[in-house]
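Close look at the chain arrangement
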Amino acid sequence: MKNFFLGFFIILTLSACTHSAKDPDTATVKQETPTSQDDITKVTVADRHGDEMEIITNSTKNTVVVRLNGQSYELKKNIENPSFSTEDNKYQFTETKYEVTFLKKDADMVLFHAKKDQPTKKMALQ
């Protein structure tokens, strides 16, 4: 009788050890936190009337988001010229070293024009 219980215990132990320790229904899920590799710059420019426009430039995706008077406009890089325009080609944004212009193309109306702060560098006399 002892041999029967001993044999039964060994069979139970071996069959229990062959099963996976992890339950396949409770697999561990790893969540990857997306890290943005985009080169994003944010600038606020004010014109001579005191109106402010926020410019968010994503150099990686070649897009610009312009926020003016409570509205946001997403513009993409034009292939033929160095400006940005909307999908429907209704708005255009140009930025040079010292000036920013945002205009509505179909009405030929400038919505915002400002000069950027120019650095005050003085050349040393030689």
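Residues numbered from 1 in each chain as written. Predicted model: local features only at pLDDT ≥ 70, side-chain atom pairs only at ≥ 80, totals over all residues. Heavy atoms only, no water.

1. Here we look at the overall build of the protein chain
Condition: For the purposes of this entry, the term helix denotes a DSSP run of H or I that reaches at least four residues, the term strand denotes a run of E that reaches at least two, and both are numbered from the N terminus. Only protein chains enter the accessibility calculation, which uses a 1.4 Å probe; a residue whose area is less than 20% of its type maximum is buried, one above 50% is exposed, and one in between is partly exposed. Per-residue and other accessible areas were derived by the Shrake-Rupley procedure at a 1.4 Å probe size, with only the shown protein chains allowed to occlude residues.
Tallying secondary structure elements over the protein chain gives one helix and eight strands in all. The order of α-helices and β-strands along the protein chain, N terminus first, is α-β-β-β-β-β-β-β-β. Scored against the burial criterion, the 126 residues of the protein chain give a buried share of 21%. Total accessible area computed for the protein chain in this model is approximately 10,900 Å², and 53% of it derives from carbon and sulfur atoms.

2. Quick word on the nonpolar core
Within soluble globular proteins, side chains that are nonpolar tend to cluster in buried spots. We apply this condition: Grouping buried Ala, Val, Leu, Ile, Met, Phe, Trp, Tyr and Cys residues that are joined through side-chain atoms within 4.5 Å yields what is termed a nonpolar core. Residue contacts are counted whenever heavy atoms from the two residues lie within 4.5 Å of one another.
One finds Met53, Ile55, Val66, Leu75, Phe93, Phe102 and Phe112 to be the most contacted residues of the largest nonpolar core, which totals 15 residues. Contributions of two or more residues to this core are made by strand S2 (52–58), strand S3 (63–68), strand S4 (71–77), strand S6 (91–95), strand S7 (99–104) and strand S8 (109–115). The greatest single-element share of this core, amounting to three residues, is contributed by S3. Look past the residues within four positions of phenylalanine 102 in its chain and what remains in contact with it is Met53, Val66, Leu68, Tyr73, Leu75, Tyr91, Gln92, Phe93, Val110, Leu111 and Phe112.

3. Some points on the sheet that holds strand S1 (residues 40–46)
Keep this limit in mind: Note: two strands are recorded as paired if DSSP finds a minimum of 2 bridges between them.
Strand order in the open sheet formed by eight strands is S1-S2-S3-S4-S5-S6-S7-S8, and the pairing between neighbours is antiparallel. For this open sheet the edge positions go to S1 and S8, each flanked by a neighbour on one side alone. Pairing geometry for S6 and S7, over five bridges, is antiparallel. Residue pairing across strands places glutamate 95 opposite valine 100, the latter belonging to S7.

4. Comments concerning the environment of aspartate 88
For aspartate 88, the position within the fold is in the loop between strand S5 (84–85) and S6. Look at aspartate 88 and you get exposed, because its relative accessible area is 54%.

5. Overview of the pattern of salt bridges
Operational definition: Salt bridge, as used here, is a side-chain nitrogen of Lys or Arg placed within 4 Å of a carboxyl oxygen of Asp or Glu.
Scanning the entire structure with this criterion turns up four salt bridges. The shortest N-O distance in the salt bridge between lysine 42 and glutamate 54 comes to 3.9 Å. One end of the pair, lysine 42, is in strand S1; the other, glutamate 54, is in strand S2, and twelve residues separate them in sequence. Where lysine 76 meets glutamate 87, a salt bridge forms, and the shortest distance between an N and an O atom there is 3.4 Å. Of this pair, lysine 76 sits in strand S4 while glutamate 87 sits in the loop between S5 and S6, and the two are eleven residues apart along the sequence.

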